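Results of the structural survey
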Amino acid sequence: MDRTTIDLWVGIFVALGFAALLGLAMKVGNLTSSKIGATYSVTAAFENVGSLKPNAPVKSAGVLVGRVDSIVFNGKNYQAVVSIKIDKRYAFPTDTFANIYTAGLLGEQYIGLEAGGDEEVLKNGDKIAKTQDAIVLEKMISQFLFSKASETETKSVTNTPVPNAVDNTPAANAKAGKSTELGDPPF
Amino acid sequence: MQYNLLNSIANKLRGIGHRMIERTWRLGVGARLFGLAIVYSGESFKRFNLTLREIYFTGVMSLLIIVVSAFFVGMVLALQGYNTLQKYGSSEAIGVLVALALVRELGPVVTALLFAGRAGTAITAEIGLMKATEQLSAMEMMAVNPIARVVAPRFWAGVISMPILATIFSMVGILGGYLVAVPIIGVDDGAFWSQMQANVDVRLDIVNGLIKSLVFGVACTMIALFEGFDAPPTAEGVSRATTRTVVISSLTVLALDFVLTSFMMVV
């Protein structure tokens with residue numbers, strides 16, 4: 001077949017296209033970083049996984065060591081069973097602690113592994129016994145409010161038997177947790 | 001008087017109906033042309049240098065406009081993104097912003113719009129003029145199928161060129177964004193790329209962008225070919241067909257973009 005300059009230009013064009021695609025896949029996308037080599041899988045049961053999703057990172061000491069494979073609901077004991085794939089290069093003791101953390105204040109959730117001190121290591125199909133659930137922000141806030149409320153209640157109870165000793169200025173009332181003309185103190 | 005009023009209303013209605021039927025007719029002819037282009041594409045692949053020539057004219061010749069506009073689009077994205085992101089103290093996310101905007105949306109869409117203006121109009125004018133100068137009829141006389149000889153190579157050239165152009169657009173745009181973000185604004189070099197890599201998914205973002213550009217390639221090329229084939233064989237007819245190519249292609253690309261994005265979001 002005759003070679004023409006058009007062939008050359010089309011060849012350059014196609015090569016540029018492939019180079020751009022390669023650049024997108026390698027430099028821009030996560031094709032390189034998402035690959036972990038041979039893995040072994042372990043499971044961990046959580047009461048609440050929050051917004052953990054399959055393919056979420058599994059980190060130990062902040063370093064990526066694996067990924068979440070699947071999350072299924074166990075109908076018998078109402079727990080979420082998370083199966084994790086961990087890189088074969090890393091062995092963890094059997095008493096490893098699995099926590100669900102949040103990256104940053106509003107970031108994605110990931111599993112953090114804290115190694116224990118056991119001699120034996122986790123093998124394929126093992127179960128991590130020690131787990132800590134995802135923190136649900138609403139629950140935490142309501143618990144905080146609840147504990148604060150009970151605190152002020154006990155304070156006001158201890159204050160009532162000696163009514164004569166306290167002055168009745170609004171500021172003092174607010175300090176003691178009593179209601180003033182400004183309304184109830186928030187906590 | 002009464003009769004005149006009724007008559008004018010009836011005429012309006014008739015006009016609307018006529019236009020609707022005309023549009024439907026054209027849609028049908030376009031679909032038939034698309035089918036024929038697919039059927040006869042085997043013949044055009046046998047003589048691949050015809051397609052190669054068209055890739056040169058639609059793809060290679062569009063490279064300059066694609067690269068230059070991608071560069072500026074990337075730079076503007078980085079500047080504008082930085083403006084807003086630094087208010088929230090997360091100017092490192094500028095890489096993610098530029099990459100996702102380009103790979104998902106701007107790459108395929110702006111490439112398709114430029115392609116319609118740069119290559120689509122050329123196809124329409126060329127085929128329209130071929131028709132006006134009776135070259136297509138001459139081909140038929142010589143037992144050369146004009147669809148296999150003229151339409152199919154141009155169709156495949158457009159379909160092949162568009163994803164390549166869109167990929168180049170995205171990559172050059174990201175490089176343009178990099179040039180503004182890192183040396184000029186002073187975002188950290190490592191954070192720019194690592195944040196990008198952490199948040200751009202190959203399957204969900206890059207492959208979906210490629211699928212989009214492929215669909216746009218089919219749509220833009222087919223519209224340009226059909227408008228050329230359907231143009232009245234006069235100077236005015238060809239000029240109108242060329243205008244219509246740009247208008248219809250742009251609208252189709254934007255509408256298709258919405259449809260495709262909504263499909264991809266579900267999966």
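Just so you know, these numbers come straight off a predicted model, no measurement behind them.

**Observations concerning the overall build of chain A**
- What chain A contains, in helices and strands, is three helices and eight strands.
- The 187 residues of chain A split such that 17% are buried.
- Restricting the contact set of chain A to residue pairs at least 6 apart, pairs at least 24 apart contribute 59%.

**Concerning the overall build of chain B**
- Counting secondary structure elements, chain B contains 10 helices and zero strands.
- Along its sequence from the N terminus, chain B presents helices and strands in the succession α-α-α-α-α-α-α-α-α-α.
- Expressed as lengths along the three principal axes of its C-alpha atoms, the size of chain B is roughly 70 × 60 × 35 Å.
- Considering chain B as a whole, with its 267 residues, one finds that 43% of them fall into the buried category.
- Look at the contacts in chain B between residues 6 or more apart in sequence, and 87% of them connect residues 24 or more apart.

**Side note on the environment of I111 of chain A**
Residues and elements named next belong to chain A.
- By the secondary structure assignment, I111 is in strand β6 (residues 109-114).
- Expressed as a C-alpha distance, the spacing of I111 and R67, which sit 44 residues apart in the sequence, is 8.6 Å.
- Not counting residues within four places of it along the chain, the set of residues in contact with I111 comprises A56, V58, V68, I84, A98 and I100.

**Description of the confidence of the model for chain A**
- Scored by pLDDT, chain A comes out at a mean of 78, with 76% of its residues at no less than 70.
- Within chain A, strand β4 (residues 79-87) of chain A carries the highest mean pLDDT (90), whereas helix α3 (residues 170-176) of chain A carries the lowest (52).

**A word on unusual backbone geometry**
- A positive phi is found at A61 of chain A, a non-glycine position, where the angle reads about 55°.
- Residue position: A61 of chain A is located in the loop between β2 (57-60) and β3 (63-74).

**Overview of the environment of S250 of chain B**
All names here are of chain B.
- Tracing the backbone through its elements, the reader meets S250 in helix α10 (residues 235-266).
- Residue S250 is classed as partly exposed on the basis of its C-beta count, with 18 C-beta atoms lying within 10 Å.
- In sequence terms S250 and L204 are 46 residues apart; their C-alpha atoms lie 25 Å from each other.
- Residues within four places of S250 in sequence aside, it is in contact with L113 and A116.

About the criteria used
- Residues numbered from 1 in each chain as written.
- Chains lettered and ligands numbered in written order.
- Predicted model: local features only at pLDDT ≥ 70, side-chain atom pairs only at ≥ 80, totals over all residues.
- Helix = DSSP H or I, 4+ residues; strand = E, 2+ residues; numbered from the N terminus.
- Buried ≥ 20, exposed ≤ 12 C-beta atoms within 10 Å, placed from the backbone.
- Contact = placed C-beta atoms within 7 Å.
- pLDDT = per-residue confidence, 0-100.

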